[in-house]
Amino acid sequence: MVGSYIDFGIKTDRDTLDVTNLEAVMSAVRKHQPKVILHLAALTDLDVAEKNPTLAYHINTIGTYNIALAAREVKAKLVYISSTGVFDGTKKTPYTEKDVPNPKNYYGHSKFAGELIIQSLLKDYIIARGCWMFGGGPTLDKKFISKIVAQLKNPETKEIKALNDVHGSPTFGKDIVEALKKLILKDATGIFHLTNAGNCSRFDVAKIIVKVLKPSVKVIGVTGDYFNLPAKRVTNESATSRVSLLRPWQEALEEYLKSEWSPL
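Analysis parameters
- Per chain, residues are indexed from 1 in the order of the written sequence.
- Residues qualify for local features only when their pLDDT is at least 70, as the model is predicted, and side-chain atom pairs are given and counted only at 80 or more; totals for whole chains, interfaces and linings, by contrast, use all residues.
- To obtain the side-chain values, all non-hydrogen atoms of the structure were used and water was disregarded.
- Two strands are said to pair when DSSP picks up at least two bridges between them.
- Each helix corresponds to a stretch of at least 4 residues labelled H or I by DSSP, and each strand to a stretch of at least 2 residues labelled E; elements are numbered beginning at the N terminus.
- Convention adopted: a line fitted to C-alpha atoms gives each axis, helices being fitted over their contacting stretch, and angles between N-to-C directions are expressed from 0 to 180 degrees.
- Here, two residues are considered to be in contact whenever any of their heavy atoms come within 4.5 Å of each other.
- Classification of residues uses two cut-offs on accessible area relative to the type maximum, computed with a 1.4 Å probe and protein chains only: under 20% is buried, over 50% is exposed, and between them is partly exposed.
- An arc is given here, and it is the one of the directions from the helix axis to the C-beta atoms.
- Distance and chemistry together define a polar contact, namely a pair of N or O atoms within 3.5 Å, with one atom able to donate a hydrogen and the other to accept it when in protein, and with adjacent residues in sequence counting only for side-chain atoms on both sides.

1. Section: the sheet that holds strand β8 (residues 190–193)
The pairing of strands in a sheet happens through backbone hydrogen bonds and is either parallel or antiparallel. Across the sheet, four strands lie side by side as β1-β2-β3-β8; this open sheet has parallel pairing. Only two strands of the sheet have a single partner each, and these edge strands are β1 (36–39) and β8. For this sheet, the mean inter-axis angle between neighbouring strands, taken without regard to orientation, is 20 degrees. Examined bridge by bridge, strand β3 (residues 125–130) and β8 share four bridges and lie parallel to one another. The partner of I126 across the bridge, within β8, is G190. Lying on the sheet, helix α4 (residues 106–121) is in contact with β2 (77–83), β3 and β8; it crosses β2 at an angle near 160 degrees.

And the structure:
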């Protein structure tokens, strides 16, 4: 999703580079000698991670360890996409970079472990926490927006349901890439919350999707126990940042829907 908006550098995918294979990672990095490595590979499905934590740790934690070792060898800056899912969700206001992580599901634990590995092995890194990532259009978007759109494409759909008791800060893949470019060019280091500005519920996101793509459908808010999902959803993943680099989430979402999904 994020990688689809990157228009620079040497891009790999799971077919050309397995991040869980240390030998393959070291070989690729020694060959290309990068000054910056953007580590975007991850298992991001919360429910898959909850059902198969070993796989989540294998990709998100061991994979990150391998990339960090390679970055250290060639003295490259490592840019790691993390998540506000590393927090426990109990805070009543948006999380800042100074808040202490306390994951509540296997996905969050595996991503936080990646953060700790990077901080222990490297001095030159950017840990960029996103939230409720969207992007990639019909071919690459497998998350919340694509699931809502799939319902809207069904002519029999008159209403859709979305959670109104969880809050986050949606992040457009295109916008986080532009923000990362600016941070890299500044040679910035440290942890940054790179979400689009503002916060909302899934219900709020669904309302905009429906407004843009199919206004005749009704959106109904429900609580977390309605869907009975395997992974625990924390009630608050919203974030604010010490840097102001991304536009409001509503503006980003509308552009994404109109440019990559419309018309249905």
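Moving on, there is more to tell.
2. Focus: helix α1 (residues 22–32)
Within an α-helix, residues lying three or four positions from one another point in the same direction, as the helix has 3.6 residues per turn. Listed as buried for α1 are V25, M26 and V29. Projection of α1 onto a plane perpendicular to its axis shows the buried side chains occupying an angular sector of 95 degrees, all on one side. Seen from the buried face of α1, the exposed residues on the opposite side, beyond 90 degrees, are E23 and K31. Lining the buried residues of α1 we find β1 and α3 (53–74). The residue sitting at the N-terminus of α1 and contributing the capping side-chain oxygen is N21; that oxygen lies 3.1 Å from the backbone nitrogen of E23. Q33 sits one or two positions beyond α1 and adopts a positive phi of about 50 degrees.

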